[in-house]
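Results of the structural survey
The chain contents come next:
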Amino acid sequence: MSELHKFIFDGLPVRGQFVRLTDAWQDVLRRRAANTQTGAYPPPVAELLGEMTAAAVLMQAGIKFDGALVLQIQGDGPVKLAVAEVQTDLRLRATASLGAPVPPGANLADMVNAHGKGRCAITLDARSRQPGQQPYQGVVPLVGEGGEPLGSLAGVIEHYMRQSEQLDTTLVLAADEQVAAGLLIQRLPVQGETNLSQSNVAREDEAGEEAEDDYQRIAILTRSLKREELLSLDADTVLRRLFWEEKLLRFEPQVGARGPRFACSCSRERVAAMLQGLGQQEAESILAEQGVIEVGCDFCGHQERFDAVDVGRLFTPAQDLPPATPSIQ
């Protein structure tokens, strides 16, 4: 199952998180591939969207926020929009909209920043938001401080965290058709004598260069993680290989109902209500033209199909419907 691991470096103002999405990520790709109108994502798009989904889980898990975190990239290349959404309880979904074919081997700039107009936005949409109240949103261009194009999603998010959140962040991401994974390391601003685990640490003004050296050492170790290792190795192996000289305090892994898992708000009932809203004449007109009504979710791509019998039942009063056929054992 998909899993999330949190840990801290004992005695240091540094925390980390490791996410490995398997079944949750495969559900995203399976729904898209089953859509007869769109088909599967091209491999470069699937890789980008998988990295975005892993990154969104890591960012959501690192904040205390009751609502949805939405990571969005919008640009002027063949990928017009890519979105990953993660709820407080780690339910997730993701989608991408294509405006043109994506060539094999396309990178981030090729897909969303062809003419330098790409943007990355991170939105926090509170569940308790009042009518008229706008969600918080931070936006950064897909370029570094010197105006150079950023070549990876990890680099974009690191840049965002430094610019918008003033948090030194090191991030490694990878995705393929089976796994989307990520490792995030952050330097915490120390404002007391203990960190999150109540382990003694020096105050920031007392730590000086020593605290900076500690973070940079851990960041270098993190960046040594190779893509194939991130995709193929479990959390225990990754953390042991990278940080075997550090003292890690690890929290209980979040898996199953507590861990990352796919969920979309679309349903057959919602589609049925939409068709009833169109009216019987319009629904039957579509049916006569196409033979079957297919409606796909704009977000996850899942399709619901309604044939003539299904449409007939939608517009037949409940009291006139025949009784359900008893099941045969």
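Residue numbering note: each chain is counted from 1, following its sequence as written. With the structure being a predicted model, the display of local features is reserved for residues of pLDDT at least 70 and the display and counting of side-chain atom pairs for 80 or more, all residues being used for whole-chain, interface and lining totals. Side-chain metrics in this entry use all non-hydrogen atoms of the structure; hydrogen atoms and water are not considered.

Here's the deal with the packing of aromatic side chains
Pairing of aromatic rings covers Phe, Tyr and Trp, the last counted by its six-membered ring, and requires centre-to-centre distances within 6.5 Å; plane angles under 30 degrees mean stacked, over 60 mean edge-to-face, and any other angle means tilted. By the definition in use, this model includes 3 aromatic pairs. Between Phe7 and Phe243, the ring centres sit 6.4 Å apart and the planes meet at 45 degrees, which makes this aromatic pair tilted. Here Phe243 lies in the loop between α7 (235–242) and β10 (248–250) and Phe7 lies in strand β1 (residues 3–9), a separation of 236 residues in the sequence. Relative accessibility under 20% of the residue-type maximum defines a buried residue, over 50% an exposed one, and the middle range a partly exposed one, all with a 1.4 Å probe and only protein chains included. Assessed through its relative accessible area of 1%, Phe7 is described here as buried. Overall, the relative accessible area of 2% leaves Phe243 in the buried class. Comment: elements are numbered from the N terminus, with helices defined as DSSP H or I runs of at least four residues and strands as E runs of at least two.

So, the confidence of the model for the protein
As a per-residue quantity, pLDDT reports the predictor's confidence and falls between 0 and 100. Per-residue confidence for the protein gives a mean pLDDT of 84, with 88% of residues at or over 70. Residue contacts are defined here by distance: any two heavy atoms, one from each residue, within 4.5 Å place the two residues in contact. Taken together, the stretch residues 192–206 has pLDDT below 50 and engages in 32 contacts with residues farther than four places along the chain or on a different chain. Within the model, the stretch residues 324–329 combines pLDDT values under 50 with 0 contacts to residues more than four positions away or in other chains.

A few points about the nonpolar core
If you look at the biggest cluster of nonpolar residues, it comprises 61 residues, and the most contacted ones within it are Leu49, Met52, Val57, Leu71, Ile73, Met111 and Ile157. For this core, the leading source of residues is helix α2 (residues 43–61), giving 12 residues. Here Leu49 is in contact with Trp25, Tyr41, Ala82, Val83, Ala94, Thr95 and Ala96, once residues within four sequence places are set aside. Counting residues in hydrophobic clusters, the runner-up holds 23 residues, among them Leu12, Tyr215, Leu231 and Val238. Buried Ala, Val, Leu, Ile, Met, Phe, Trp, Tyr and Cys residues form a nonpolar core when they are joined through side-chain atoms within 4.5 Å.

Digging into unusual backbone geometry
Positive phi, normally seen in glycine, also occurs at Leu90, with a value near 75 degrees. Along the polypeptide, Leu90 turns up in the loop between β4 (79–86) and β5 (91–98). Note on Leu90: relative accessible area 3%, which makes it buried.

Regarding the sheet that holds β5
A pair of strands is treated as paired once DSSP finds two or more bridges between them. Reading across the sheet, the 6 strands line up as β7-β6-β3-β4-β5-β12 and stay open at both edges, with mixed pairing between neighbours. The open sheet has two edge strands, β7 (136–141) and β12 (261–262), and neither has a second partner. Sheet topology note: the strand β6 (residues 119–126)/β7 ladder contains 6 bridges and is antiparallel. Within β7, the position partnered with Arg119 by the bridge is Pro141. What counts as an axis is a line fitted to C-alpha atoms, over the stretch in contact for a helix, and the angles between N-to-C directions run from 0 to 180 degrees. The strands that helix α4 (residues 153–164) touches are β3 (67–74), β6 and β7; relative to β7, the one it contacts most, it runs at about 120 degrees.

Some points on the pattern of salt bridges
Should a side-chain nitrogen of Lys or Arg be within 4 Å of a carboxyl oxygen of Asp or Glu, the pair is scored as a salt bridge. Per the stated rule, a full pass over the model turns up 12 salt bridges. The salt bridge involving Arg93 is made with Glu85; its shortest N-O contact spans 3.1 Å. Of the two residues, Arg93 and Glu85, neither departs from the other in class, the shared state being buried. Between Glu229 and Arg241 there is a salt bridge whose closest N-O contact spans 3.9 Å. Here Arg241 lies in helix α7 and Glu229 lies in helix α6 (residues 227–232), a separation of 12 residues in the sequence. Ionic contacts of the salt-bridge type, sharing partners, join the residues Asp89, Arg91 and Arg261 into one network.

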